[in-house]
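# What the coordinates show
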Amino acid sequence: MTETTPMTEKTPSAAPLLEIRGLSATYGQVRVLKPTNLSLFEGELVTVLGPNGAGKTTLVRAIMRLVKAQGEVRFKGEDVGRLATHDLAKRGIVLVLEGRGLFGSMTVQENINLGAYTATRVELQERRARIFELFPRLKERLHQQSASLSGGEQQMLAIGRALMADPKLLLLDEPSLGLAPRVAAEILRALGQLNKAGLGILLVEQKAPLALKLARRAYVLTLGRVVKELEAGEIGSHHDIAQYYFS
Amino acid sequence: MIDTSIILQAVIDGAGVGLIYGLVGIGYCVIYNATGIVNFAQGVFVMLGGMLTYTLLTSLGLPMIVAVAIAIPLVGVVGVVIEWFIVKPMLVRNSPMFAIILATLAVQIMIERITIMTAGDQPRTFHEFTAGGPLRLGPVAVGYQLIWVLVCSVGLVLLLTLFFKYTRIGNAVRACAQNRDAAALLGIPVARMLAVSFALSAALGAIAGILITPSQYTAFNVGVPFGVSGFIAAIVGGFGSASGAFVGGIVLGVAQAVAIIIFGAGYKTVAALAVLLLVLLLFPSGLLGKRSEK
Ligand SMILES: Nc1ncnc2c1ncn2[C@@H]1O[C@H](COP(=O)(O)OP(=O)(O)OP(=O)(O)O)[C@@H](O)[C@H]1O
Ligand SMILES: [Mg+2]
């Protein structure tokens, strides 16, 4: 097995939707994320796997400029590394935070509407209809305080709210965290559905088997460094990947 | 024995001043809820509201309504300037909260000194909004200015509630208060929302200062007493709760006025602090505050 494989083959034409070159981040003196390369093409679902503390969260937060980072981030070929977080969101990159990041004392409806902060009233209605189709349960709980939802419902709301911003690229940080296996599978199924409809997704997960069922390609991160890239063809033979990176 | 009508009169007048404390207290809440910061420059907005209106009335000879319409947004701009040049840079640099609070205190003192240098240290006042009065209700007299205070403060609380509940920007400010990262990730310009909260809070302070000046006076140094009373009102009500600050203000104002009647003017501050201590002992999170989870 080689450490890295070129990723030029089998990818749709044009520049990647997201391309990261030498992105790194430090907390104080510690370089938690070593210079990292990663790319994601239009319509792809790519997963980032890795054990606790590997730097997965730091990677997605660095992409969104929620932590100070060095290196290059290109979105649709354009350098977006200098943009502020809210401008990245307006461009169409949205992150669902680890732990969901709901506005807990606000209702489901208020959370949903805030997702469409930059949208017009008409767009808001269209998008609401779309997310209720994906997660009908949200519609039944519109006036409930979001903190009082079940874990699964909270994750649905977090994803639904992110979709309200009409992302072109959706980043998710461990959406299955703390969920029963059945519920986690339900969430990931919805992500698969979104991806089939053409949405680019970068999925950070610890539950490798679940993520690998959906992903076209995978990156394995340990100790702040990409130690493995798996192409579409290889994924099938790597269901034992957990052993690979936990060992 | 003190005549009940005198007590009743004190309650009415105290409630009027209390409404002003309430407005100042709500000013603290608006900023605290959006940023987690206690802005100790809050009283300065009260002073600026009164002083600017006085200046516009006397030096430019503007009519009251025009002077007020200029003074309120002007003080709002001062709030934004404080946020932009002091609070935001400190937040970005992850300054500890006590350092930010100290910085707002420094701003308060600087603005007071600048006011002395430019407008002098003499107390100023201007006429009531409506001439005439007072209204006689049985044994008590209700000044027209008090009615202005009541109508304006209730109206403002109502408007603020609607703003935070039903407008896009109001909801976005609340979202920033709960989770700034999540708000930014949805395209909400967090820095601008913090500036909105400072502008609103400064405008509230200015309105309080304008409303109270005719019945009292304004001067470079009224910021501290109003700031402190507003702060006590906010804590008594439950810090962060706007309706709590409103109720807290009224309780405080009434307690002070009644204490003056019964014990003498020297006991005004004692009464205020007694209310504070009593509430803190009986209701650790304030009258309308949420019980903290931890
Ligand atoms: N704010 C911070 N200050 C200092 N160190 C941090 C901070 N946040 C994360 N770290 C450190 O950075 C490293 C990577 O953390 P990160 O949260 O990115 O890992 P992760 O892969 O997301 O882990 P998990 O699967 O547990 O979520 C860890 O060693 C962590 O302790
Ligand atoms: Mg993480």
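In this text, all values refer to a predicted model and were calculated from it rather than measured experimentally.

## Examining the overall build of chain B
Scanning chain B from N- to C-terminus turns up eleven helices and two strands. Here chain B has a C-alpha radius of gyration of 19 Å; the compact-globule value for 294 residues is 19 Å, and the two agree. Projected onto its principal axes, the C-alpha coordinates of chain B cover approximately 60 × 50 × 35 Å. For chain B, buried positions account for 48% of its 294 residues. Of all intrachain contacts in chain B linking residues separated by at least 6 positions in sequence, the fraction that spans at least 24 positions is 74%. Looking at chain B as shown, the accessible area adds up to about 13,500 Å², and 72% of this sits on carbon and sulfur atoms. Looking at chain B, you have 14 positive and 8 negative side-chain charges, and the mean spots of the two groups are 11 Å apart.

## Re the side chain of T85 of chain A
If you trace the backbone, T85 of chain A turns up in helix 2 (residues 85–91). T85 of chain A gets classed as buried once you look at its relative accessible area, which sits at 8%. A polar contact of 3.4 Å, which involves the side chain of T85 of chain A, links it to the backbone oxygen of R65 of chain A. Not counting residues within four places of it along the chain, the set of residues in contact with T85 of chain A comprises M64, R65 and L66 of chain A together with A184 and L185 of chain B.

## Considering the site of ligand 1
Residue and element names in this part refer to chain A. By nearness alone, 13 residues border ligand 1, and N52, K56, T57, T58 and E98 come closest of all. Within the contact set of ligand 1, an oxygen atom lies 2.9 Å away from a side-chain nitrogen or oxygen of E174. In terms of residue count, the dominant contributor to the shell around ligand 1 is helix 1 (residues 56–63) (three residues). Considering only residue class, the shell around ligand 1 consists of four nonpolar, six polar and three charged.

## Points about the packing of helix 9 (residues 223–237) of chain B against helix 11 (residues 268–282) of chain B
All names here are of chain B. Interaxial distance between helix 9 and helix 11 falls to 9 Å at its minimum, and their mutual angle equals 25°. Relative to helix 11, helix 9 is oriented roughly parallel. The crossing of helix 9 and helix 11 is left-handed. Along the contact surface, helix 9 presents I232, I235 and V236, while helix 11 presents A272, L273, V275, L276, V279 and L280. A class-by-class count of the residues in the contact of helix 9 with helix 11 yields nine nonpolar, no polar and no charged.

## Let's talk about the coordination of the magnesium ion (ligand 2)
All names here are of chain A. Coordination of the magnesium ion (ligand 2) by the protein comes from T57 (OG1) and E98 (OE), over a distance range of 1.8 to 2.5 Å. Residue T57 is found in helix 1, and its partner E98 is found in the loop between strand 6 (93–96) and helix 3 (108–115); the two are separated by 41 residues along the sequence. The partly exposed category is assigned to T57, whose relative accessible area is 23%. The class for E98 is partly exposed, based on a relative accessible area of 36%.

## Things to note about the packing of aromatic side chains
Residues and elements named next belong to chain B. Here the structure, examined in full by the defined rule, presents nine aromatic pairs over all chains. Aromatic side chains Y32 and F239 sit 4.9 Å apart centroid to centroid with 80° between the ring planes, which places their arrangement in the edge-to-face category. Here the residue Y32 occupies a position in helix 1 (residues 4–35), and F239 occupies one in the loop between helix 9 and helix 10 (242–263), the gap between them amounting to 207 residues. Classification of F239 as partly exposed rests on a relative accessible area of 28%. Measuring from ring centre to ring centre gives 5.9 Å for F263 and Y267, while their planes differ by 55°; the resulting arrangement is tilted. An aromatic cluster is defined as three or more aromatic residues linked by ring pairs; in this entry it consists of Y28, Y32, F40, F231 and F239. When the ring centre of W84 is taken as origin, the NZ or CZ atom of K88, which lies over that ring, is 3.6 Å away.

## Examining the domain arrangement of chain A
All names here are of chain A. Domain boundaries assigned for chain A yield domain 1 (1–92 + 170–247) and domain 2 (102–166). There are one salt bridge connecting domain 1 and domain 2. Between R137 and E186 there is a salt bridge, and its shortest N-O distance comes to 3.3 Å. The interface formed by domain 1 and domain 2 contains one residue pair in polar contact (both at pLDDT 80 or more). Breaking the side of domain 1 that touches domain 2 down by element, the ones donating at least two residues are strand 7 (169–173) and helix 7 (181–196).

## Some words on empty space enclosed by the protein
Applying the stated criterion across every chain yields a total of one cavity of 30 Å³ or more. Within this model, the largest cavity holds a volume of roughly 60 Å³. Elements with a contribution of two residues or more to the lining of the largest cavity: strand 6 and helix 6 (151–164) of chain A together with helix 7 (180–185) of chain B.

## Overview of the interface of chain B and chain A
Accessible area lost upon the coming together of the parts is a frequently used measure of interface size. Taken together, the contact between chain B and chain A spans 19 residues of the former and 24 residues of the latter. Where chain B abuts chain A, roughly 1,900 Å² becomes buried across the two surfaces, and 61% of that area is made up of carbon and sulfur atoms. The largest share of the area that chain B buries against chain A comes from R168, L185 and L186 of chain B, three residues that together contribute 39% of it. Between chain B and chain A we count three salt bridges in total. Ionic pairing is found between E110 of chain A and K165 of chain B, a salt bridge with its closest N-O pair at 3.0 Å. Of all the secondary-structure elements, those providing two or more residues to the side of chain B that touches chain A are helix 6 (168–178) and helix 7 of chain B.

## A look at the nonpolar core
I63, M64, L171 and L202 of chain A together with I188 of chain B are the most contacted members of the largest nonpolar core, which has 119 residues in total. Element by element, the count of residues in this core is highest for helix 8 (residues 190–212) of chain B, at 13 residues. Summarising the domain contributions, this core has at least three residues from each of domain 1 (1–92 + 170–247) and domain 2 (102–166) of chain A. Beyond its immediate stretch of four places on either side in the chain, L202 of chain A contacts L38, L40, V46, V48, V60, I63, L169, L170, L171 and L172 of chain A. Grouped together as the second largest cluster of nonpolar side chains are 45 residues, L49, L134, L163 and L194 of chain A included.

## A short note on the environment of K56 of chain A
All names here are of chain A. Here K56 lies in helix 1. Along the backbone, K56 and G99 are 43 residues apart, and their C-alpha atoms lie at a distance of 14 Å. Not counting residues up to four positions away in its chain, the partners in contact with K56 are V48, L49, G50, P51, E174, V204, E205, Q206 and L221.

## Describing the sheet that holds strand 1 (residues 18–27) of chain A
Residue and element names in this part refer to chain A. Taken together, the four strands give an open sheet; going across it, the order is 2-1-4-5, and neighbouring strands pair in antiparallel fashion. In this open sheet, the two strands that pair with only one neighbour each are strand 2 (30–40) and strand 5 (78–79). Bridge count for strand 1 against strand 4 (residues 69–75) is six bridges, and the pairing is antiparallel. The partner of I20 across the bridge, within strand 4, is V73. Packing against the sheet, helix 1 makes contact with strand 1, strand 2 and strand 4, and its axis sits at approximately 115° to strand 1.

Reading guide: rules and limits
- Position numbers for residues count from 1 along each chain, tracking the sequence in the order it is written.
- Written order decides the labels, with chains lettered from A and ligands numbered from 1.
- Where totals are concerned, whole chains, interfaces and linings use all residues; where local detail is concerned, this predicted model gives features only for residues with pLDDT of at least 70, and gives and counts side-chain atom pairs only at 80 or more.
- Only hydrogens and water are set aside when side-chain values are computed; all heavy atoms of the structure are taken into account.
- Counting from the N terminus, the helices are the DSSP runs of H or I reaching at least four residues and the strands are the DSSP runs of E reaching at least two.
- Note on method: radius of gyration uses C-alpha positions; expected globular size equals 2.2 Å times residues raised to 0.38.
- Summary of the burial criterion: residues with accessible area below 20% of their type's maximum are buried, those above 50% are exposed, and those between are partly exposed, where the area comes from a 1.4 Å probe applied to protein chains only.
- For this analysis, residues touch if any pair of their heavy atoms sits within 4.5 Å.
- Every accessible area reported is derived by Shrake-Rupley at a probe size of 1.4 Å, with residue values counting cover from the shown protein chains alone.
- Counted as positive: Lys and Arg. Counted as negative: Asp and Glu. His and the chain ends are not counted at all.
- In this description, the location of a charge corresponds to atom NZ of lysine, CZ of arginine, CG of aspartate or CD of glutamate.
- Here a polar contact is recorded for every N or O atom pair within 3.5 Å, except that within protein the pair must consist of a potential hydrogen donor and a potential acceptor, and residues adjacent in sequence are included only if both atoms are side-chain atoms.
- The cutoff for a nearby residue is simple: one of its non-hydrogen atoms must lie within 4 Å of the molecule or strand.
- Each residue gets one of three labels, nonpolar for Ala, Val, Leu, Ile, Met, Phe, Trp, Tyr, Cys and Pro, charged for Asp, Glu, Lys and Arg, and polar for the others, Gly among them.
- Here an angle of 0 to 180 degrees is reported between the N-to-C directions of two axes, which are lines fitted to C-alpha atoms, with helices fitted over the stretch in contact.
- By definition in this entry, angles of less than 35 degrees are roughly parallel, angles greater than 145 are roughly antiparallel, angles of 65 to 115 are roughly perpendicular, and the rest are oblique.
- Each crossing gets its hand from how the near helix is turned against the far one by less than a right angle, where anticlockwise is left-handed and clockwise is right-handed.
- Metal donors: N, O and S atoms at distances within 2.8 Å, or within 3.2 Å for Na, K and Ca, with water omitted from the atom set so that some sites may seem incomplete.
- Two aromatic rings, drawn from Phe, Tyr or Trp (for Trp, its six-membered ring), form a pair once their centres lie within 6.5 Å of each other, and the interplanar angle then sorts them: stacked below 30 degrees, edge-to-face above 60, tilted otherwise.
- Here, a charge over a ring is recorded when the distance from Lys NZ or Arg CZ to the ring centre is within 6 Å and its angle to the ring normal is within 35 degrees.
- Reported domain spans reflect what an automatic or database domain assignment gives.
- For this document, the term salt bridge refers to a Lys or Arg side-chain nitrogen within 4 Å of an Asp or Glu carboxyl oxygen.
- Only protein atoms enter the 1 Å grid, on which a cavity is a set of points fitting a 1.4 Å probe that cannot get out and a pocket is an open set with protein on both sides within 12 Å along at least 5 of 7 lines, lining residues being those with an atom within 4 Å of a point.
- Grid points are joined across faces, edges and corners, and a volume is the space filled by probe spheres set on the points.
- Buried area: the accessible area, evaluated with a 1.4 Å probe, that two parts lose upon being put together, summed over both parts.
- By convention a nonpolar core is built from buried Ala, Val, Leu, Ile, Met, Phe, Trp, Tyr and Cys residues, the set being connected through side-chain atoms within 4.5 Å.
- Between any two strands, at least two bridges found by DSSP are needed for them to pair.

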